[in-house]
Amino acid sequence: MSLYPWQEKAWESLNIGNAKMHHAYLFVGSYGTGLEKLANTFASSLICSNLKDTKQACRNCQDCQWMLTEHPDLKIINNPQEESDSEYIPIEEIRNLKDFLTLSSHKKNGNKVILINKAENLTAAQEWSSNALLKSLEEPPENSYIILTTDNISSLLPTIVSRCVIVSAPSPTKEEARSFLYEQGYEKLSSQLPLFSNLPLDVIAHQSDSELFTIMINEFEKGRDFELMAIEPKWLTADFTETINLLQKWLYDIFLFKMTTKFHFFESKKENIKKLSDAADITKLLNLLKSVNSIKLISNRPINKDISFDNLMVEYRNVFK
Ligand SMILES: [Zn+2]
């Protein structure tokens, strides 16, 4: 699949092929917008030797064929998996960048491109890497491009950011998000868009949580008659942080309705939110929200999850008259 529909305008603004192109680009946004696809598509179009009218790579030329495995003029550095021992991009990789850019392209006047995904992992313990990268950014050889992606621009050294053209990765509108899910055959998940900041890619990525979410929300809806046993076996196997997030959003909507008669996350459940909101004691509700927030802060640490959650849910039941 090519770019996502909501990325088309941003794509045009990149002006690929324009003589005045910059040599360093920083793509910024949430990864759930398809940020990496935008940056990757950009990198391939700088390598392809027979661009389509849309300025995207043709996928047929020799360079495109080469990119299917490894292209000698394109270096992609992917951040190691979050779960792995090392959270950072290996220093040797960054050290080699300058050498890579200095070597001439395999074709005459061809481009050399470096793509660093998740550049937020360059800093912190790895100031060295950043400095090595900085050197390449300061003295870029001709026809060389460095492309970075990040969801956290403030974690990058300002000296890196200032040398890059910043491209904000666009998010879909509500309509675009809904029609994307529809086209991909995930129409039934569209009520979950508000839970994932209106990012359909995140909704799809979390679809295995969807069944659990539905079960939990169905129980939350019972308010005072909530039965812990009905969901306990399910949520114990689930990601605790996700469970707490879900509860927090649910409570937030009950609170929001009480204050403003509006919803944010659970439009599809408005009748029940309204009922619960009417029955809720505002002081108890606020106290529960506080408890949820403090559990959330420690939810990724080894805590006794069942006791924490059971206590929250006892408190939950007591919120309603
Ligand atoms: Zn091509």
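Residues numbered from 1 in each chain as written. Predicted model: local features only at pLDDT ≥ 70, side-chain atom pairs only at ≥ 80, totals over all residues. Heavy atoms only, no water.

### Things to note about the nonpolar core
Here is the rule: Here, the term nonpolar core denotes a set of buried Ala, Val, Leu, Ile, Met, Phe, Trp, Tyr and Cys residues that are joined through side-chain atoms within 4.5 Å. The buried label applies to any residue whose accessible area, calculated with a 1.4 Å probe on protein chains only, is under 20% of its type's maximum; exposed applies above 50%, and partly exposed to all values in between. Comment: elements are numbered from the N terminus, with helices defined as DSSP H or I runs of at least four residues and strands as E runs of at least two. Should any heavy atoms of two residues lie within 4.5 Å, those residues are considered in contact.
Counting 45 residues, the largest nonpolar core has Phe220, Leu247, Trp250, Ile254, Phe309 and Tyr316 as its most contacted members. Of all the secondary structure elements, the ones that give two or more residues to this core are helix 7 (174-183), helix 8 (200-205), helix 9 (207-220), helix 10 (228-237), helix 11 (240-260), helix 12 (270-279), helix 13 (282-297) and helix 14 (305-319). Counting residues per element, this core draws most heavily on helix 11, which supplies eight residues. Among all residues touching Trp250, those that are not within four sequence positions of it are Ile217, Phe220, Glu221, Phe266, Lys269, Ile273, Leu276 and Tyr316. Within the second largest apolar cluster, 29 residues are counted, among which are Trp11, Leu46, Cys58 and Leu115.

### Things to note about the domain arrangement of the chain
Heads up, the condition is: The split into domains, and so the bounds of each, comes from an automatic or database assignment of domains.
Partitioning the chain into domains gives domain 1 (5-168) and domain 2 (206-319). Of note, the centres of domain 1 and domain 2, computed from C-alpha atoms alone, are 41 Å apart.

### Examining the packing of helix 11 against helix 13
Filter applied, for reference: Orientation is described by axes fitted as lines to C-alpha atoms, over the contacting stretch for helices, and by angles from 0 to 180 degrees between their N-to-C directions. These descriptions rest on fixed angle ranges, namely under 35 degrees for roughly parallel, over 145 for roughly antiparallel, 65 to 115 for roughly perpendicular, and the rest for oblique. Note on convention: the crossing is left-handed when the near helix lies turned anticlockwise from the far helix by less than a right angle, right-handed when the turn is clockwise. Residues were grouped as follows: Ala, Val, Leu, Ile, Met, Phe, Trp, Tyr, Cys and Pro as nonpolar; Asp, Glu, Lys and Arg as charged; and all remaining residues, including Gly, as polar.
At a minimum axis distance of 10 Å, the contact between helix 11 and helix 13 shows a crossing angle of 155 degrees. In terms of orientation, helix 11 and helix 13 fall into the roughly antiparallel class. The interaxial crossing formed by helix 11 with helix 13 has left-handed handedness. For the pair formed by helix 11 and helix 13, the contact residues are Phe240, Ile244, Asn245, Leu247, Gln248, Leu251, Tyr252, Ile254, Phe255, Lys258 and Met259 on the first element and Ile282, Leu285, Leu286, Leu288, Leu289, Val292, Asn293, Ile295 and Lys296 on the second. Tallied by class, residues from the contact of helix 11 with helix 13 come to 15 nonpolar, three polar and two charged.

### Some thoughts on the packing of aromatic side chains
Inclusion rule: Each aromatic pair joins two rings of Phe, Tyr and Trp (for Trp, the six-membered one) with centres within 6.5 Å, and gets the label stacked for planes under 30 degrees apart, edge-to-face for over 60, and tilted for any other angle. Remark: a charge is flagged as sitting over a ring if the NZ atom of Lys or the CZ atom of Arg is within 6 Å of the ring centre and within 35 degrees of the ring normal.
The tally for this structure, following the rule as stated, stands at 15 aromatic pairs. Ring centres of Phe220 and Tyr316 lie 5.9 Å apart, and the angle between their planes is 50 degrees; on these two criteria the pair is classed as tilted. One end of the pair, Phe220, is in helix 9; the other, Tyr316, is in helix 14, and 96 residues separate them in sequence. Take Phe220 and Tyr316: they sit in the same class, and that class is buried. Here the aromatic residues Phe220, Phe226, Trp250, Tyr252, Phe265, Phe266, Tyr316 and Phe320 are joined through ring pairs into a cluster of three or more. Positioned over the ring face of Tyr4 is Lys37, at 4.8 Å from the centre of the ring. Across the ring face of Phe100, the terminal group of Lys112 is positioned such that the distance to the ring centre comes to 4.2 Å.

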